[in-house]
Amino acid sequence: MPVGEFRNDQARDRFHAVHQELMDRLWPPESVPSDVDTGFGTTRVHRLGGGAGDGVPFVLLPGSGGPSLMWHAYVRRLAASRPVIAVDPVGEPGPSVQTRAIDSGADWSRWLGEVLSGLGVRQAHLVGTSYGGWVALCHSLHAPESVASLSLFDPGGFGEVSRGFIVWMIAGGLTTFTPRPVRHALARTLRNVTLRDDDAVRLVKATFGFRRRHILPTPLTDGDLARITAPTLLVVGGHSQLYDAREVAARVTAHMPHAVAEIVPGAAHDLVMWEPGERADRVVRFASGAVRPGPGAGGGGGLVD
């Protein structure tokens, strides 16, 4: 299986020019970037925040096609409570460079484990959205001792990717090329708040020069969900194009004894872009109260509208 790469040098240069300009303007200047070598390629990470709290960091995993920059509205609030490590996954448009294909959820867990080990991180609070949420779930299954908690925004892994979701993605991509007033107007029709964020749209358009070759998220079984022992916050958009929000929340409540499921009524799949300050504060509160259960511990999930 081939690896993700830019189509040509011009596409790479175009993306990095937009990405760097937005990083300089939107990302906290106190952040420290570094590269971690893994068996799947070199991974860029951005670290900020000090020794607040118990020192166990937040590790941020973006969605498909998005670099860590997508978390720019979150990082300062998160870093006020504990260290933050924002990761640019290999095989995605960004400064990381993939050298080996990732063929399974186990491979994704191996990659993430190598990143954390290279940073000297033994345990982390994983925060992921969409594809990044699926990666976090996979890591919790394959390396449960390394996950202090999971905070997931409309994550992959709860069913097959539907035709409706693919149509929504294509429609959103095409809309980025319409005039700004048209794009802003269509954001409501398409239930895609990202289309109102002019900076995000610039970055999305720059990613079209990248060939992304990752596998689709494989659905987790009920047995898989029952094996996840990390305290888990699942936040689903009430109008998610990926799933039926109530069905997913009910399934999580039934099969994940250490999870709480919440539905954001007005949000769609890109709910990570909805009221990011409120979302960030919810993650901070959840991580602060997260206590891993002991062997044989029970518990009960919950569903909140």
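Residues numbered from 1 in each chain as written. Predicted model: local features only at pLDDT ≥ 70, side-chain atom pairs only at ≥ 80, totals over all residues. Heavy atoms only, no water.

Q: Is there a simple way to think about a nonpolar patch on the surface in this case?
A: Residues Ile166, Ile170 and Leu174 make up a contiguous nonpolar surface patch of roughly 300 Å² in combined accessible area. Relative to the assigned elements, Ile170 resides in helix H5 (residues 163-175). (Patch = residues over 30% accessible without salt bridge, like charges linked within 9 Å, V, L, I, M, F, W, Y side chains within 5 Å. Areas by Shrake-Rupley, 256 points an atom, 1.4 Å probe, with all protein chains shown as cover. Salt bridge = Lys/Arg side-chain N within 4 Å of Asp/Glu carboxyl O. Helix = DSSP H or I, 4+ residues; strand = E, 2+ residues; numbered from the N terminus.)

Q: I tried to follow the nonpolar core on my own but got confused; where do I start?
A: Here is a general trend for soluble globular proteins: nonpolar side chains tend to be buried in one another's company. Counting 48 residues, the largest nonpolar core has Trp111 and Leu150 as its most contacted members. For this core, the leading source of residues is helix H4 (residues 131-142), giving seven residues. The contact partners of Trp111, leaving out residues within four places of it in the chain, are Thr38, Phe40, Thr43, Leu61, Val87, Pro89, Val90, Ile102 and Val135. Residues Phe15, Tyr74, Ala206 and Phe286 belong to the second largest nonpolar core, which totals 37 residues. (Core = buried A, V, L, I, M, F, W, Y, C linked by side-chain atoms within 4.5 Å. Buried < 20%, exposed > 50% of the residue type's maximum accessible area, 1.4 Å probe, protein only. Contact = heavy atoms within 4.5 Å.)

Q: Hey, could you run me through the packing of helix H3 (residues 105-118) against H4 in this one?
A: The relative placement of two packed helices comes down to the angle between their axes together with the axis-to-axis distance. At a minimum axis separation of 8 Å, H3 and H4 run at an interaxial angle of 85°. Classified by the interaxial angle, the pair formed by H3 and H4 is roughly perpendicular. Contact residues: Gly105, Ala106, Trp108, Ser109, Trp111, Leu112, Gly113 and Leu116 in H3; Tyr131, Trp134, Val135, Cys138, His139 and His142 in H4. Its residues assigned to classes, the contact of H3 with H4 shows nine nonpolar, five polar and no charged. (Axes fitted to C-alpha atoms, helices over the stretch in contact; angles between N-to-C directions. Parallel < 35°, antiparallel > 145°, perpendicular 65-115°, else oblique. Nonpolar A, V, L, I, M, F, W, Y, C, P; charged D, E, K, R; others polar.)

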